[in-house]
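# Topology and contacts: notes
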Amino acid sequence: MNESGPTEAVIPACSVDLLQPDRTHISAWRDKSEFEHVFRQLFEATRPEDIEAKEDALQWLNVWKVRLNKSVPVCVRCTATVLEAQLFDLRMQRDDGDPNATEIKNIYAGAFTRFVNYVTEETQTYQQHRKRTIAQHVRGIGIEPFLVELRHLCAHRSVSIAIDVFRRSAQYCMDWLKDSYWQRELNTMQPVTYETLHRAKRTPLSDEFCSVLRAYDAATAGLLRKSTTVQHTRSDLTDSEYKALQAEETRRGTDNLRVIAQHLLAQFVRNQRTIAHNLTGVRKVCDAVMANCRYLMQDPVRYRQGHWGKLHSVFFRALAETGCLQELFERLLAVAESDTEDEQDRSMASFWTVKIATGFQLLKEFKRYCRTLHTQRLVSFQELVNGKAKRKLVAERLAQEWYQQKLQKLAPQHLILGLTVDCPWRLRLDRRQLKTHLNAINPHTRKLLPILFTLVEPPLTAAHQQHLCTMIEIYADSWRQTGGGQQTAGSMPNYEQLLASKTYAVQDVIERLGRGRTTKKCGLWEAPDEGLDWDEYPLGITRRDGLCKA
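### Points about empty space enclosed by the protein
Per the stated rule, a full pass over the model turns up five cavities of 30 Å³ or more. Taken as a whole, the second largest cavity holds about 40 Å³ of empty space. Contributing elements (two or more residues each) for the lining of the second largest cavity: α13 (294-298), α14 (308-321), α15 (324-337) and α16 (343-370).

Structure representation (structure tokens):
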């Protein structure tokens, strides 16, 4: 793992495999010294007798490809491709007095074809909306067009090419890779150690970021309590919170509480985008939300039917855009599942996990609905980020109309987590995680789990979801029979016990869910009823509540 340092010292020759500065990245090499060793073996071993050094470098490149598989940098794959051809040529020259030029040419031809394909596929990934030729692609990243012509000749085999042309072209490719990728990475790479990672985690957020978050929380708390101006919130807030809103009133030149909340939210969105650019920043933002949004975390106990979606949809969309909402959801779910947390905290966590999961569930349905509409009615996510305010209003209106039609009076209570059909975020949940949450089921997560069944990847079948919901209903019945809140450790069976227990067989499910109204059949394919007199009742008779019917 390495961290990309500032890039002012070196101007990159191209943008292939260019990493963003001041961010931590997972690399195929252990540290900078390993990368530097391969660099020296590749480009400083120039004598003919240094074949062993280049073979060692090729082995390291293959190890890197195994470590990261498809995520290995494109230039590493290109280097290995050209180096294999060069080594084959050098071995043939060393071992044979009269090397087979045709075989060497074939090796070089395949290497150049793969080299050009690799670099053009990488650039086309980021420029799919523009149709460009291969020559335009390679020219845009600093490669001479003659290499494309050589690639075409190798692919079509229309002209016999001299072996010296292949050798000089291979050396050109290695020189280009050295200047455009290897030297750039070596100059900008900084190793990441245990100490640097933990020092970054201990770095607190600025006071300005936390104060904006606290002021936003106080403003939305006033709106939830039907306050319209800063003055109206005096009786509901603490002295420090009220003074913070007064300072915002002076700064914004208005006492309208909704306008102040919108300005604070916009400021929070800008700040958190600059912070949450890696996992450490995401965790910092979640720490700040949990610590400074006091009303957001406590008010659900008192205002469960509040217009949460209307108040906080933009706030949660901003968290989802930077990946913070996934982290926040997992933290809240951990609180809801923990037996050591305060009961009020677990109720709060249960409320918000259901809201967030329902928001992702509705977003999934909204995307499915958008795919049925005409493309002229839709706004893409890229247009929403870079477009004008008018396009944003169109997207918001479409989403609000759909939510209003689907949820009717409950629409203001639900979070709108996405406005476009290509919204890039979703709740990441696999089946292994779902099984863990099922094993930790408790009254605080019982309502959440059926929602997660619809979001897990790969998707569950309808029959499987129904089976899991049935087991949860059995759990709820058992919990109510044991006295509700007086649950003790070990008194409730977990999911694995429910599946393995002989008590919860198919007939028990029928009896519990059917409330004793199920008809029992007696016949060839059923176990005999010991209390039934077969001399009096022939086969095929059904018995219900002690009454017999023909």
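Once you've had a look at it, read on.
### Thoughts on the nonpolar core
With 76 residues, the main nonpolar core has Phe315, Phe316 and Leu319 as its most contacted residues. Ranked by residues supplied to this core, first place goes to helix α9 (residues 207-224) with ten residues. Setting aside residues no more than four positions away along its own chain, Phe316 makes contact with Leu325, Leu328, Trp352, Ile356, Leu415 and Leu417.

### Some thoughts on the packing of aromatic side chains
Counted by the stated rule, this structure contains 27 aromatic pairs. With a centroid separation of 4.8 Å and an interplanar angle of 55°, the aromatic rings of Trp29 and Phe35 are classed as tilted. Each of the two residues, Trp29 as well as Phe35, counts as buried. With a centroid separation of 6.3 Å and 45° between ring planes, the pair formed by Phe366 and Tyr403 is classed as tilted. Taken together, the positions of Phe366 in helix α16 and Tyr403 in helix α18 (residues 389-407) put the pair 37 residues apart, joining distant regions of the chain. An identical accessibility class is assigned to Phe366 and Tyr403; each is buried. Pairwise contacts between aromatic rings join Phe209, Tyr216, Phe268, Trp308, Phe315, Phe316, Phe351 and Trp352 into one cluster.

### Here's the deal with unusual backbone geometry
Geometrically, the link from Glu457 to Pro458 is a cis peptide bond, its omega value of -10° lying close to zero. Positioned with a positive phi, Asn69 is a non-glycine residue whose angle comes to about 55°. Along the chain, Asn69 falls in the loop between α2 (51-68) and α3 (74-95). For Asn69, a relative accessible area of 54% puts it in the exposed group.

### Quick notes on the layout of surface pockets
Its boundaries defined by the atoms lining it, the largest pocket holds a volume of some 1200 Å³. Breaking the lining of the largest pocket down by element, the ones donating at least two residues are α9, α11 (257-275), α14, α17 (381-386) and α18. In terms of residue count, the dominant contributor to the lining of the largest pocket is α11 (nine residues).

### Details of the state of the cysteines
The final tally for this structure, using the stated rule, is zero disulfides. Between Cys78, a free cysteine, and Cys75, which holds the nearest cysteine sulfur, the sulfur-to-sulfur gap is 5.8 Å. Lacking any disulfide linkage, Cys210 is separated from the closest cysteine sulfur, that of Cys293, by 9.8 Å.

### Considering α9
In an α-helix, one turn spans 3.6 residues, which is why side chains three or four residues apart end up on the same side. If you check α9, its first and last C-alpha atoms are 26 Å apart, about what 18 residues at 1.5 Å a residue would give, namely 26 Å. The buried fraction of α9 amounts to 14 of the 18 residues, a majority that puts the element mostly inside the structure. Directly after α9, the chain includes Lys226, whose backbone phi takes a positive value near 70°.

### Structural notes on the pattern of salt bridges
Close approach of charged atoms lets side chains of opposite charge pair. One pass over the full model with this rule turns up 18 salt bridges. Ionic pairing is found between Glu34 and Arg67, a salt bridge with its closest N-O pair at 2.9 Å. Within this pair, whereas Glu34 is found in helix α1 (residues 32-43), its partner Arg67 is found in helix α2, the two being separated by 33 residues in sequence. Accessibility expressed as a relative area gives 10% for Glu34, which makes it buried. On the basis of relative accessibility, which here comes to 39%, the residue Arg67 falls in the partly exposed class. The closest approach of N and O atoms between Glu248 and Arg251, which form a salt bridge, is 2.4 Å. A residue pair is termed a helical-turn pair when its members lie 3 or 4 positions apart in one helix, as Glu248 and Arg251 do in helix α10 (residues 239-252) at three residues.

### Some thoughts on the side chain of Arg317
Along the chain, Arg317 turns up in helix α14. If sequence neighbours within four positions are ignored, Arg317 has contacts with Glu396, Ile416, Leu417, Gly418, Leu419 and Trp425.

### Describing the packing of α1 against helix α7 (residues 163-188)
For the pair α1 and α7, the least separation of the axes is 11 Å and the interaxial angle reads 160°. As judged from the angle between their axes, α1 and α7 are roughly antiparallel. Two packed elements cross with a definite hand, and for α1 against α7 that hand is left-handed. Residues Lys32, Phe35, Glu36, Val38, Phe39, Leu42 and Phe43 of α1 touch α7, and the partners they reach there are Met174, Lys178, Tyr181, Trp182, Gln183, Glu185 and Leu186. Grouping the amino acids of the contact of α1 with α7 by side-chain chemistry returns nine nonpolar, one polar and four charged.

### Some thoughts on the environment of Ala318
Within the secondary structure, Ala318 is located in helix α14. Overall, the relative accessible area of 5% leaves Ala318 in the buried class. Sequence separation between Ala318 and Phe268 is 50 residues; the distance between their C-alpha atoms is 9.0 Å. For Ala318, the contacting residues outside a window of four places in its chain are Val269 and Gln272.

Definitions and cut-offs
Residues numbered from 1 in each chain as written. Predicted model: local features only at pLDDT ≥ 70, side-chain atom pairs only at ≥ 80, totals over all residues. Heavy atoms only, no water. 1 Å grid on protein atoms, 1.4 Å probe; cavity = no way out; pocket = protein on both sides within 12 Å on 5 of 7 lines; lining within 4 Å. Points joined across faces, edges and corners; volume = space filled by probe spheres on them. Helix = DSSP H or I, 4+ residues; strand = E, 2+ residues; numbered from the N terminus. Core = buried A, V, L, I, M, F, W, Y, C linked by side-chain atoms within 4.5 Å. Buried < 20%, exposed > 50% of the residue type's maximum accessible area, 1.4 Å probe, protein only. Contact = heavy atoms within 4.5 Å. Phe/Tyr/Trp six-rings, centres within 6.5 Å; stacked < 30°, edge-to-face > 60°. Disulfide = S-S within 2.5 Å. Expected span 1.5 Å × (residues − 1). Salt bridge = Lys/Arg side-chain N within 4 Å of Asp/Glu carboxyl O. Axes fitted to C-alpha atoms, helices over the stretch in contact; angles between N-to-C directions. Parallel < 35°, antiparallel > 145°, perpendicular 65-115°, else oblique. Left-handed = near helix turned anticlockwise from the far one by under 90°. Nonpolar A, V, L, I, M, F, W, Y, C, P; charged D, E, K, R; others polar.

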